[in-house]
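# Architecture and fold: a report
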Amino acid sequence: LLAMNIENISLTFVHGLGTKGTRHLLDVFGSARAIFAASEEELRARAHINRAELYKELHSDTPFREAEKVLRHAEKHHITPLASTEPAYPPLLREIPDAPHILYVMGNIEALHRPSVAVVGTRNITSYGQRMGAKVVEQLHELVPEVSIVSGLAFGNDGNAHRAALNCGAATVAVLANALPE
């Protein structure tokens, strides 16, 4: 497991900050720890943030309590939280303006650094769609063995792509649009 400090996860629980605000503060202060240590004057002067409620939220224990729950859940289920400030974070994802600060990874982190193809589609996939989708994944893996198949792990085409990748030995990455369950 990669080292994850609680401050990184806590940032995701600061009400009103969001992904762009988190990125801005990380660009200005360099680390989650430095953000939480910043005074109200530093937030104003360096980050041009004049919201007293954000300062109050950054100095509340609520984000840390929530982050502790997430860390316990992640540890229990062998999930690795990965912050955007860590070298293992996918470099191309880091370039997106609203990339998530934390990725929760289960399995081989290296799959995030391979060439990737996203497979998306209907949840009501036909049997023909299942066969053809699996065939596309298998042939892609034959042509480009290092490719990762990326999808959302939803029913239908997404799940079919993940199963096909697993069946032929390709790396597969599921991107979920929700937080970790408790």
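Here's a quick rundown of the structure. Predicted model, so just to flag it, every value in this text is computed and none were measured. Sequence order as written defines residue numbering, which begins from 1 separately in each chain. The predicted origin of the model limits local features to residues at a pLDDT of at least 70 and limits the giving and counting of side-chain atom pairs to 80 or more, whereas totals for whole chains, interfaces and linings rest on all residues. The side-chain figures draw on all heavy atoms in the structure; neither hydrogens nor water molecules are used.

### Quick look at unusual backbone geometry
Positioned with a positive phi, histidine 48 is a non-glycine residue whose angle comes to about 60°. Exposure remark for histidine 48: the relative accessible area of 62% places this residue in the exposed category. The phi torsion at histidine 78 lies on the positive side, around 60°, for a residue other than glycine. Starting at the N terminus, helices and strands are each numbered in turn, a helix being any DSSP run of H or I of at least four residues and a strand any DSSP run of E of at least two. By the secondary structure assignment, histidine 78 is in the loop between α6 (62–76) and β1 (80–83). For every residue, the accessible area (1.4 Å probe, protein chains only) is compared with the maximum for its type, and the residue is labelled buried under 20%, exposed over 50%, or partly exposed between those bounds. The class of histidine 78 is exposed, set by a relative accessible area of 63%.

### As for the layout of surface pockets
Considering only enclosed or pocket space, the second largest pocket measures out at about 170 Å³ in volume. The nonpolar class holds Ala, Val, Leu, Ile, Met, Phe, Trp, Tyr, Cys and Pro. Asp, Glu, Lys and Arg form the charged class, and all remaining residues, Gly among them, are polar. A breakdown of the residues in the lining of the second largest pocket according to their chemical character gives 5 nonpolar, 5 polar and 3 charged. Every definition here rests on a 1 Å grid over the protein atoms only: cavities are sets of points where a 1.4 Å probe fits but cannot get out, pockets are open sets enclosed by protein on both sides within 12 Å along at least five of seven lines, and lining residues have some atom within 4 Å of a point. Grid points are joined across faces, edges and corners, and a volume is the space filled by probe spheres set on the points.

### Structural notes on the pairing of β1
Along β1, one buried face is formed by Thr80 and Leu82 and the opposite face, lined by Pro81 and Ala83, is buried too. Paired strands are those between which DSSP finds at least two bridges. Summarising the sheet, β1 and strand β2 (residues 102–105) pair through 4 bridges and their orientation is antiparallel. Within the sheet, the bridge partner assigned to leucine 82 lies in β2 and is leucine 103.

### So, α6
Compared with an ideal rise of 1.5 Å per residue, which puts 15 residues at 21 Å, α6 spans 22 Å between its outermost C-alpha atoms and is within 8% of the ideal. Immediately beyond the C-terminal end of α6, within one or two residues, lies histidine 78, with a positive phi of roughly 60°. By this rule, a helix spans an expected 1.5 Å times one less than how many residues it contains.

### Details of the packing of helix α2 (residues 18–29) against helix α4 (residues 40–47)
To obtain an axis, a line is fitted to C-alpha atoms, over the contacting stretch when the element is a helix, and the angle between two such axes runs from 0 to 180 degrees between their N-to-C directions. Close contact between α2 and α4 brings their axes to 10 Å; oriented N to C, the two are set at 90°. Judged by the angle between their axes, α2 and α4 are roughly perpendicular. Counted together, His24, Leu25, Val28 and Phe29 of α2 and Glu42, Leu43, Arg46 and Ala47 of α4 form the full contact between these two elements. Taken together, the residues of the contact of α2 with α4 break down into 5 nonpolar, 1 polar and 2 charged. Throughout this description, any angle smaller than 35 degrees is read as roughly parallel, any larger than 145 degrees as roughly antiparallel, any in the 65 to 115 degree range as roughly perpendicular, and the remainder as oblique. Only heavy atoms matter for contacts: two residues are in contact if any of them lie within 4.5 Å across the pair.

### Remarks on the nonpolar core
In this structure, Leu11, Leu25, Phe29, Ile35 and Leu58 are the most contacted members of the largest nonpolar core, which totals 15 residues. Every element with two or more residues in this core is listed here: α2, α3 (32–37), α4 and α5 (52–58). Contacts of phenylalanine 29, omitting those with residues within four sequence positions, involve Ala34, Ile35, Ala38, Glu42, Leu43, Arg46 and Ala47. What is meant by a nonpolar core is a set of buried Ala, Val, Leu, Ile, Met, Phe, Trp, Tyr and Cys residues, joined one to another through side-chain atoms within 4.5 Å. Ranked by size, the runner-up nonpolar core spans 12 residues in total, among them Leu82, Ala88, Tyr89 and Val150.

### Quick notes on the pattern of salt bridges
Definition used for salt bridges: Asp or Glu carboxyl oxygen within 4 Å of a side-chain nitrogen of Lys or Arg. Tallying each qualifying case throughout the model produces 5 salt bridges. Among the salt bridges present, the one from glutamate 40 reaches arginine 44, with a minimum N-O distance of 3.3 Å. One end of the pair is glutamate 40 and the other is arginine 44, both in helix α4 and 4 residues apart, which spans about a single turn. On the basis of relative accessibility, which here comes to 25%, the residue glutamate 40 falls in the partly exposed class. Judged by its relative accessible area of 36%, arginine 44 is partly exposed. A salt bridge links arginine 51 to glutamate 53; its shortest N-O distance comes to 3.4 Å.

### Digging into the sheet that holds strand β3 (residues 116–118)
Spatially, β3-β4-β5 is the arrangement adopted by the 3 strands of the open sheet, whose pairing is parallel. Edge positions in the sheet fall to β3 and β5 (171–174), since each has one partner strand and no second. Across the sheet, the axes of successive neighbouring strands diverge by a mean angle of 25°, strand direction being ignored. Two strands pair when backbone bridges link them, and β3 and strand β4 (residues 148–151) are joined in this way by 3 bridges, in the parallel orientation.

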